Amino acid sequence: IPAVFRVKARNASRRAEMARIPLLIETLAEMSTLSDYSSKDRDNATRAIMHLTNESDNRKIMCNKVVLKALLIASNLEGKDQIETRDSAIVAIERLATEVSNRQYMARHEGLLVVIAQATERESRSELAGEKNSQPRLAKQLLMSLLLAM
């Protein structure tokens, strides 16, 4: 089921509509964190959330305790098989923070600044090692904007 949501969330014309389906975002957040689901299902749920945050109209409604907690959990995953899930969670957090009115709430969410600082450190190590990255390195800018919002 999370794979279906992920595919549907990739369709830009459906994102705003999907985010307004009652309890869908909360269900995706739950799917992304519960061990009842396989690693692949948790990854698909996290990526669906990431795709939904790509729609600017969704960012205000998605910046809530449940979604941020799920993204925090996903962004703390360890291991090579979890890199893409972790990166998807960081991208979703970055997108939520592009809505200026979300920043203060996000900055005060327990553990969020720590996760973004860790992502900044990973990006810095990756850059120094000369690794190519398909995602833009935005964690440092995100960290700065959240610190300023405090």
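In this report, we go over the structure that sits alongside the text. Fair warning: this is a prediction, and the values are worked out from it, not measured in the lab.

Attention now moves to the overall build of the protein chain. Each helix and strand counted, the protein chain has 10 helices and 0 strands in total. Sequence-ordered secondary structure for the protein chain, helices as α and strands as β, is α-α-α-α-α-α-α-α-α-α. The C-alpha radius of gyration computed for the protein chain amounts to 14 Å, which stays within 12% of the reference 15 Å derived for 150 residues, consistent with globular compactness. The principal-axis extent of the C-alpha atoms belonging to the protein chain is close to 40 × 35 × 25 Å. For the protein chain, buried positions account for 44% of its 150 residues. In the protein chain, the proportion of contacts linking residues at least 24 apart, taken out of those at least 6 apart, comes to 66%.

A separate point is helix α1 (residues 2-10). Every buried residue belonging to α1 is among P2, R6 and A9, and all of these are buried. Here the buried residues of α1 occupy an arc of 70° about the axis, which is enough to place them on one side. Of the surrounding secondary structure, the elements contacted by the buried residues of α1 are α2 (15-19), α3 (24-33) and α4 (39-53).

With that out of the way, let us pick up the pattern of salt bridges. On inspection of all chains with the given rule, the structure shows 4 salt bridges. The partner of D43 in a salt bridge is K40, with the nearest N and O atoms 3.8 Å apart. Placement of the pair is D43 and K40 together in helix α4, with a separation of 3 residues, close to one helical turn. With relative accessibility at 6%, the residue D43 sits in the buried group.

So, about the packing of α3 against α4. At their nearest, the axes of α3 and α4 sit 7 Å apart, and the two run at 140° to each other. Pair α3 / α4 crosses with left-handed handedness. Judged by residue contacts, L28, A29, M31, S32 and T33 of α3 engage R42, A45, T46, A48, I49 and L52 from α4. The class makeup of the residues in the contact of α3 with α4 is 7 nonpolar, 3 polar and 1 charged.

What follows is about α4. Helical geometry note: an α-helix holds 3.6 residues per turn, so side chains three or four residues apart project in the same direction. Under the 1.5 Å per step criterion, the end-to-end length of α4 is 21 Å for 15 residues, consistent within 8% with the ideal 21 Å. Counting buried residues in α4 gives 11 out of 15 residues, a clear majority hidden from the surface. Within α4 the residues assigned to the buried category are D43, N44, A45, T46, R47, A48, I49, M50, H51, L52 and T53. Buried residues along α4 sit against α1, α2, α3, α5 (59-62), α6 (65-75) and α7 (83-97).

Another aspect to go through is unusual backbone geometry. One non-glycine residue, L23, adopts positive backbone phi at about 70°. With a relative accessible area of 58%, L23 lands in the exposed category.

One can find S38 in the loop between α3 and α4. Sequence separation between S38 and N76 is 38 residues, and the spatial gap between their C-alpha atoms is 17 Å. At a separation of 3.1 Å, a polar atom in the side chain of S38 contacts the main-chain amide nitrogen of D41.

This part takes up the packing of α1 against α4. For the pair α1 and α4, the least separation of the axes is 8 Å and the interaxial angle reads 20°. Taken together, the axis directions place α1 and α4 in an arrangement best described as roughly parallel. Remark: the crossing between α1 and α4 carries left-handed chirality. Residues P2, A3, F5, R6, A9 and R10 of α1 form the contact with α4, whose own contacting residues are K40, D41, D43, N44, A45, R47, A48, H51 and L52.

Rules of the game
- In every chain, residue numbers begin from 1 and rise along the written sequence.
- Restriction of local features to residues with pLDDT of at least 70 applies here, the model being predicted, together with a cutoff of 80 or more for giving and counting side-chain atom pairs; totals for whole chains, interfaces and linings are based on all residues.
- Side-chain figures throughout are based on the complete set of non-hydrogen atoms in the structure, without hydrogens or water.
- A helix here means a DSSP run of H or I that spans at least four residues, while a strand means a run of E at least two residues long, and both kinds are numbered starting from the N terminus.
- Throughout, the radius of gyration refers to the C-alpha atoms, and the reference size of a globule is 2.2 Å times the residue count to the power 0.38.
- Here the term buried applies to any residue with accessible area under 20% of the maximum for its type, exposed to any over 50%, and partly exposed to those in between, with areas from a 1.4 Å probe on protein chains only.
- Should any heavy atoms of two residues lie within 4.5 Å, those residues are considered in contact.
- Comment: arc refers to directions from the helix axis out to C-beta atoms.
- Salt bridge, as used here, is a side-chain nitrogen of Lys or Arg placed within 4 Å of a carboxyl oxygen of Asp or Glu.
- Angles run from 0 to 180 degrees between N-to-C directions of axes, and those axes are lines fitted to C-alpha atoms, restricted for helices to the stretch in contact.
- Handedness of a crossing follows from how the near helix is turned relative to the far one, being left-handed for an anticlockwise turn of less than a right angle and right-handed for a clockwise one.
- Charged residues are taken to be Asp, Glu, Lys and Arg, nonpolar residues to be Ala, Val, Leu, Ile, Met, Phe, Trp, Tyr, Cys and Pro, and polar residues to be all remaining types, Gly included.
- Working rule for helices: expected span equals 1.5 Å times residues minus one.
- We define a polar contact as two N or O atoms separated by no more than 3.5 Å, with the added condition that, inside protein, one atom must be a possible hydrogen donor and the other a possible acceptor, whereas residues neighbouring each other in sequence contribute only through side-chain atom pairs.
- We call two directions roughly parallel when the angle between them is under 35 degrees, roughly antiparallel when it is over 145, roughly perpendicular when it lies between 65 and 115, and oblique otherwise.

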